[in-house]
Amino acid sequence: MRLTLRRPDDWHLHLRDGELLRAVLPYTAARFARAIVMPNLSPPVTTTAAALAYRDRILAALPAGSDFQPLMTLYLTDNTPPEEIRRARDSGAIAGVKLYPAGATTNSDSGVTDIWRCEAALAAMEEAGMVLQVHGEVTHAEVDVFHRERVFIENILAPVVERFPRLKVILEHVTTADGVDFVRGARDGVAATITPQHMMLNRNALFAGGLRPHHYCLPVLKAERHRQAVLDAAVSGSARFFLGTDSAPHTRGSKESSCGCAGIYSAPVGIEIYAELFEQAGALDRLEAFASEFGPRFYGLPLNEDRIVLERRPWQPPAEYRVGADTLVPFRAGETVSWSLVSA
Ligand code: DOR
Ligand code: ZN
């Protein structure tokens, strides 16, 4: 069986830089027309100039003939000036601004310590029509790691959505029933991206027969009822929920470590795995809207005009991909994925 889809976009992606960028970019570019590129490099991409320079490096790393388009983001800090927001908008190359609560995840140390220090920047974003992309977790040590999304929504996200009524806000990689309910019931201009791992796995997958570092990402996998809520939202046909892989490569050495990095590298199965999950949910007919329509509509961008073809042909992602002296372990390594990308 074959499935022809309007070419999808990835609305949440980590491409890294240098050798890693060159290793991972071809997998995304083979599947997706555009991707929202996260700014959590080291140092973080806090200015328009840095974002445009990063964009040039991405374009230079593309395989010959690819017309993949990186949609850049700025990394919000306590001190992002409103002028920087306007510069970003005027550049035409920057699609949004990412809020990392300080300390929430990889390279978030320069993130926001108090959202109300960002009022001027948020007001400028609202005015400029720039999207706020939110990593929705509080970081206080006293809040249980499984409750960080819910507490963030109560303490920060809901007040921000109310204080800036025209600001477009995306709760990135929603992981809980609380998050899904919030987005469903919110005013217009509030949406969420959904990763394959949060549709597919619950937190048992972190401990299946032993500690599983390649299933560790942030926000961390949740209990089964939350996975079910996230899956239901993805396949529901609601335009508020759309595809964002959060593919986040870390080398095998930095994952399999006494203090392993958070992130699941899903780019090599980036669309195939959603097809599998939608098929299992009996919702294959809703995949195209989730993958290729709701995202551009939310961002106010045109739909892609070309198509990709998937085939219901099982394959096994390799155990690892070589990158210089190290390797990357992809999501579903060595397992069977039921859908394949048919190369053009
Ligand atoms: O698992 C994650 N990895 N979550 C994030 O928020 C960041 C990402 C990364 O950059 O590795
Ligand atoms: Zn991410």
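Residues numbered from 1 in each chain as written. Chains lettered and ligands numbered in written order. Predicted model: local features only at pLDDT ≥ 70, side-chain atom pairs only at ≥ 80, totals over all residues. Heavy atoms only, no water.

### Some thoughts on the sheet that holds strand β3 (residues 34-37)
Here comes step 1: Judged by pairing direction, the sheet is parallel, and its eight strands sit side by side in the order β2-β3-β4-β5-β6-β7-β8-β9 without closing on themselves. Each of the sheet's edge strands pairs with one partner strand only, and the pair in question is β2 (10-13) and β9 (241-243). Pairwise comparison of adjacent strand axes, ignoring direction, gives a mean angle of 30° for this sheet.
Here comes step 2: Summarising the sheet, strand β8 (residues 190-194) and β9 pair through three bridges and their orientation is parallel. Counterpart to Thr193 in the pairing with β9 is Phe242.
Here comes step 3: Along the sheet face, helix α5 (residues 148-163) touches β5 (94-99), β6 (131-134), β7 (169-171) and β8 and points at about 160° away from the line of β7. (Pairing = 2+ DSSP bridges. Helix = DSSP H or I, 4+ residues; strand = E, 2+ residues; numbered from the N terminus. Axes fitted to C-alpha atoms, helices over the stretch in contact; angles between N-to-C directions. Contact = heavy atoms within 4.5 Å.)

### Details of the site of ligand 1
Here comes step 1: The environment of ligand 1 is made up of 13 residues, and the closest members are Arg16, Asn40, Thr105, Leu218 and His250.
Here comes step 2: When ligand 1 is considered free in solution it has 290 Å² of accessible area, and contact with the protein chains removes 100% of it.
Here comes step 3: Residues that form the shell around ligand 1 fall into these classes: four nonpolar, seven polar and two charged. (Near = heavy atom within 4 Å. Areas by Shrake-Rupley, 256 points an atom, 1.4 Å probe, with all protein chains shown as cover. Nonpolar A, V, L, I, M, F, W, Y, C, P; charged D, E, K, R; others polar.)

### Some words on the sheet that holds strand β10 (residues 307-311)
Here comes step 1: Strand order in the open sheet formed by three strands is β1-β10-β13, and the pairing between neighbours is antiparallel. Here the strands that pair on one side only, and so sit at the sheet edges, are β1 (2-6) and β13 (340-342). Ignoring which end each strand starts from, the neighbouring axes of this sheet average 35° apart.
Here comes step 2: Looking at chain direction, β1 and β10 are connected through five bridges and run antiparallel. When the sheet's bridge partners are listed, Leu5 is paired in β10 with Ile308.

### Structural notes on the packing of helix α1 (residues 18-31) against helix α2 (residues 48-61)
Here comes step 1: One way to put it is that α1 packs onto α2 with a least axis distance of 9 Å and a crossing angle of 60°. Looking at the two axes, α1 sits oblique to α2. Crossing angle aside, the handedness with which α1 passes α2 is right-handed. From α1, Leu21, Arg22 and Leu25 reach across to α2, where they touch Arg57, Ile58 and Ala61.
Here comes step 2: Here the contact of α1 with α2 is composed, by residue class, of four nonpolar, no polar and two charged. (Parallel < 35°, antiparallel > 145°, perpendicular 65-115°, else oblique. Left-handed = near helix turned anticlockwise from the far one by under 90°.)

### Regarding unusual backbone geometry
Here comes step 1: Here the amide bond leading from Ser42 into Pro43 is cis, since omega sits at -5°, within 30 degrees of zero.
Here comes step 2: The residue Pro43 is located in the loop between β3 and α2 in this model.
Here comes step 3: Cis geometry is found at the peptide bond from Leu218 to Pro219, where omega equals -5°.
Here comes step 4: As for its placement among the helices and strands, Pro219 is situated in the loop between α7 (196-200) and α8 (224-235).
Here comes step 5: Even without a glycine there, the phi angle at His173 is positive, about 35°.
Here comes step 6: With respect to the secondary-structure elements, His173 resides in the loop between β7 and α6 (177-185).
Here comes step 7: On the basis of relative accessible area, His173 is assigned to the buried category, the value being 2%. (Buried < 20%, exposed > 50% of the residue type's maximum accessible area, 1.4 Å probe, protein only.)

### A short note on the pairing of β3
Here comes step 1: Every second residue of β3 is oriented toward a common face, with Arg34 and Ile36 on one face and Ala35 and Val37 on the other, all of them buried.
Here comes step 2: A crossover connection joins β2 to the parallel β3 through α1; in handedness this β-α-β unit is right-handed.
Here comes step 3: Alignment of β3 against strand β4 (residues 69-75), held across four bridges, turns out to be parallel. By the bridge assignment for β4, Ile36 is matched with Leu71.
Here comes step 4: Between the parallel elements β3 and β4, the chain passes through α2 in a crossover that is right-handed. (Right-handed = clockwise from strand over helix to strand, strands pointing away.)

### Thoughts on the environment of Ala124
Here comes step 1: Within the secondary structure, Ala124 is located in helix α4 (residues 119-128).
Here comes step 2: Here Ala124 falls in the buried class, since its relative accessible area comes to 6%.
Here comes step 3: C-alpha separation for the pair Ala124 and Ile85, spaced 39 residues apart in sequence, amounts to 6.4 Å.
Here comes step 4: Excluding its chain neighbours within four sequence positions, the residues that come into contact with Ala124 are Pro82, Ile85 and Arg86.

### Some points on the environment of Ser108
Here comes step 1: Positionally, Ser108 belongs in the loop between β5 and α4.
Here comes step 2: A sequence separation of 101 residues divides Ser108 from Gly209, and the C-alpha atoms of the two residues are 31 Å apart.
Here comes step 3: With near-sequence residues (within four places) excluded, Ser108 lies in contact with Tyr75, Tyr100, Pro101, Ala102 and Gly103.

### Considering the environment of Arg6
Here comes step 1: Of note, Arg6 is situated in strand β1.
Here comes step 2: When its relative accessible area of 14% is taken as the criterion, Arg6 is described as buried.
Here comes step 3: Engagement of the side chain of Arg6 in a polar contact is seen with the backbone oxygen of Asn304, the distance being 2.7 Å. (Polar contact = N/O pair within 3.5 Å; in protein donor to acceptor, adjacent residues only side chain to side chain.)

### Some details on the pairing of β5
Along a regular strand, successive side chains alternate from one face of the sheet to the other.
Here comes step 1: The buried fraction of β5 amounts to six of the six residues, a majority that puts the element mostly inside the structure.
Here comes step 2: Note that β4 and β5 share four bridges and pair parallel. From the neighbouring strand, Leu74 faces β5, where its bridge partner is Val97.
Here comes step 3: With four bridges connecting them, β5 and β6 associate as parallel partners. Paired with Lys98 across the strands is Gln133, a residue of β6.
Here comes step 4: As for the winding sense of the linkage, the β-α-β connection from β5 through α4 to β6 is right-handed.

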